[in-house]
Amino acid sequence: MTALLSVQGLSVSFSTYGRTAEVLKGVSLDVPQGAQVALVGESGSGKSVTMKAIMGLLPQPPARIHAGKIMFDGRDLLTLPERERVALRGTAMSMVFQDPMSSLNPVWTIEDQLTTILKYADRRLGRDRDRRGRRARVIEVLSQVRMRDPERVAQSFPIMLSGGMRQRVLIAMALLSEPRLLIADEPGTALDVTTQAQILKLLRDLVEAQGLALLMITHNLGVVRETSNYVYVMNKGEIVEEGPTAGLFAEPRQQYTRDLIAAVPRLTGRVAL
Amino acid sequence: MTAALEIRDLVKTYPVRNAFGRVSGAVRAVDGVSFTIPSGGVYGLAGESGSGKSTIARMIMGLTEPDEGDILIDGVSVLGQGERAKVQMVFQNPGASLNPRRTVGQSIKVPLVAHTYQGDRKGRIGDLLDMVQLPRHFADRYPHELSGGQKQRVAIARALAVSPRLLVLDEPTSALDVSVQAKVIDLLEELGRQLGLTYLFISHDLSLMRNFAQTVGVLYLGKIVETGPVARVFERPGHDYTRLLLASVPVISTEEAAMRPVIPLINGEMPTAEDLMALRAGLNPKETAR
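Residues numbered from 1 in each chain as written. Chains lettered and ligands numbered in written order. Predicted model: local features only at pLDDT ≥ 70, side-chain atom pairs only at ≥ 80, totals over all residues. Heavy atoms only, no water.

**Concerning the interface of chain A and chain B**
Quick reminder of the rule: The contact criterion used throughout is that any non-hydrogen atoms of two residues lie within 4.5 Å. In short, buried area is how much 1.4 Å probe accessible area vanishes from two parts on joining, totalled over both. Within this document, salt bridges are pairs made up of a side-chain nitrogen of Lys or Arg and a carboxyl oxygen of Asp or Glu, the two lying within 4 Å of each other. By the criterion applied in these results, polar contacts are pairs of N or O atoms within 3.5 Å in which, for protein atoms, one can donate a hydrogen and the other can accept it, and in which residues neighboring in sequence qualify only through two side-chain atoms. A run of H or I in DSSP becomes a helix once it reaches four residues, and a run of E becomes a strand once it reaches two; helices and strands are each numbered from the N terminus. Residues are grouped as follows: nonpolar covers Ala, Val, Leu, Ile, Met, Phe, Trp, Tyr, Cys and Pro; charged covers Asp, Glu, Lys and Arg; every other residue, Gly included, is treated as polar.
Between chain A and chain B, the residue contacts involve 31 residues of the former and 37 residues of the latter. The contact between chain A and chain B buries some 3,100 Å² in all, and 55% of this surface belongs to carbon and sulfur atoms. Taken as a group, V193, P265 and L267 of chain A account for 23% of the area that chain A buries against chain B, more than any other trio of residues on that side. Taken together, the connections running from chain A to chain B amount to three salt bridges. In this assembly, chain A and chain B are joined by 14 residue pairs in polar contact (both at pLDDT 80 or more). Within the residue set of the side of chain A that touches chain B, elements represented by two or more residues are α7 (193-210), α8 (221-227) and α10 (255-263) of chain A. The greatest single-element share of the side of chain A that touches chain B, amounting to eight residues, is contributed by α7 of chain A. Taken together, the residues of the side of chain A that touches chain B sort by class into 11 nonpolar, nine polar and 11 charged.

See below:
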């Protein structure tokens, strides 16, 4: 079976002040339909550039994609006309961003923000919904992310919500357009550990219940283990190792992965190496 | 032997004001916290945002005056004293805690001048860079030329400049990559042994705490809800909040996963701390009735 998302030999360079840096050197990864895949790497590894290239958010210039394909549902996103590309973004694939405060508009209520996205998604999907229908859908999606008082939350401004609730709103936003692929960029990193655990559990449950494909981008190996069953490890613009999550954590083959895993402090205390 | 740091019934209250600036109540940010750290020990303070851990750090540093209670360093109360050379702090974000317009050498020099260090300042700066395993010529570099880990080493060198007894480490590695974190922690352990330093380690990262601290105190809403040797607290947590914290840690092995307490889900969801407390409070009467 072909993958829903397939990145093939993606190479990206950045040119600034007459110097060129190779940022991605032939990155390939697959996200099959309904699979939970993680892309893990430290800062500077190129995981965010990969994500931005997939979403079509790379500023060109300074970035330049010189080789590779990004196949989504059998179409190469890199050769797609801009109109169709834009149509896919935020509908077929949605993103959950890291920082819930700066991704929300502070002067709009949650309902207004969700409604804007819903109108856009409805237009793309050719759906006709009246005002009441949109309101019902907004409340429905807020309940899906297990928001306790969805009516009240809908009327709130972002500043009235806690960090965890804001993150839920962002997930609700991503779900509104009924995507097939959810790309999550470090969700929960800015949150307290108990809140992070709730958000990760919510994401896992939603993805499983709705049969979504998930691409989790993170630096935290623990988050990888909690949310994915297949993982790609990235370092210096290359995929250095990939495999089923449990197996790769138990028996890392590459030295880089071994060092990375060894550097993670264990809840059980020191491990002899 | 006297403890390096002793905290007695520390209380700090902040006024809550309404929209018109009138005081409408008070929040007890730190609510009767006591603990001691023996000389050369590492005490971990675990808590989430709003638990009061940073307020405690600020009071120890003399940046905030407590409402009640006492802080003793080497058995002597330090309340009311201004500068405290015996206790220094390493902050979370080295990018923000170093002055971008000062070279590394100038930054490290500041505490030497403030505490009127009499010896050879230039030599001392070089020695401090040696201690944190950075080349001496880094004294002429600016923070933007350094990596995150190197900046944090500079921050540690600056904290060590006036030969403190106690270092308050406020999330010292949470802005760093995990491989860099491991090296900074190794350095802190090494320095602790060499210089006989005592550490107060403030973090939300329980896995790191398990490996670095000997004793741990779990803070929740300004109170220490559980304290004890780190192995005991982590293996047999006695308080629900500790259990919830441990259950929330993302781990990388089945052994660790097996160690995490099982938390009752509420409507299929991980409960919040408040929910869990309420649940227990609601359940307990029934249990005793049975």
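**Some remarks on the sheet that holds strand β7 (residues 181-185) of chain A**
All names here are of chain A. Our working rule: One requirement defines pairing of two strands: DSSP has to find at least two bridges between them. An axis is simply a line fitted to the C-alpha atoms; with a helix, the fit covers only the stretch in contact. Between two such axes, the angle follows the N-to-C directions and lies from 0 to 180 degrees.
Here six strands make up an open sheet; going across it, the order is β6-β7-β8-β3-β9-β10 and the pairing mixed. With one partner strand each, in any of the chains shown, β6 (93-96) and β10 (238-244) form the two edges of the open sheet. Sheet twist, expressed as the mean angle between neighbouring strand axes with direction ignored, is 15 degrees. Of the strand pairs in this sheet, β6 and β7 are connected by four bridges, and their pairing is parallel. When the bridges of β7 are listed, V96 appears paired with A184.

**Comments concerning the sheet that holds strand β8 (residues 198-203) of chain B**
All names here are of chain B. Strand order in the open sheet formed by six strands is β6-β7-β8-β3-β9-β10, and the pairing between neighbours is mixed. Every interior strand has two partners, whereas the edge strands, β6 (87-90) and β10 (223-229), have only one. Ignoring strand direction, the axes of neighbouring strands in this sheet form an average angle of 20 degrees. Here strand β7 (residues 166-170) runs beside β8; their pairing, made up of five bridges, is parallel. Paired with L169 across the bridge in β8 is F201.

**With respect to the side chain of T227 of chain A**
Residues and elements named next belong to chain A. Formally: Accessibility here uses a 1.4 Å probe with only protein chains present; expressed as a share of the type maximum, an area under 20% marks a residue as buried, one over 50% as exposed, and anything in between as partly exposed.
Position of T227 among the secondary structure elements: in helix α8. You can call T227 buried: its relative accessible area is 4%. For T227, the side chain forms a polar contact with the main-chain oxygen of V223, separated by 2.7 Å. If near-sequence neighbours (up to four positions away) are discounted, T227 is found in contact with Q36, L200, L214 and M216.

**Side note on the packing of helix α3 (residues 110-125) of chain A against helix α6 (residues 163-176) of chain A**
Residue and element names in this part refer to chain A. Applicable threshold: Comment on the angle field: the value is read as roughly parallel under 35 degrees, roughly antiparallel over 145, roughly perpendicular from 65 to 115, and oblique elsewhere. A crossing counts as left-handed when the near helix is turned anticlockwise from the far one by less than a right angle, and as right-handed when that turn is clockwise.
Interaxial distance between α3 and α6 falls to 9 Å at its minimum, and their mutual angle equals 20 degrees. Compared by their axis directions, α3 and α6 come out roughly parallel. For the pair α3 and α6, the sense of crossing is right-handed. Contact residues: α3 offers I110, Q113, L114, I117, L118 and A121, while α6 offers V169, A172, M173 and L176. Considering only residue class, the contact of α3 with α6 consists of nine nonpolar, one polar and no charged.

Honestly, that's just the spatial picture; any functional story needs more than this.
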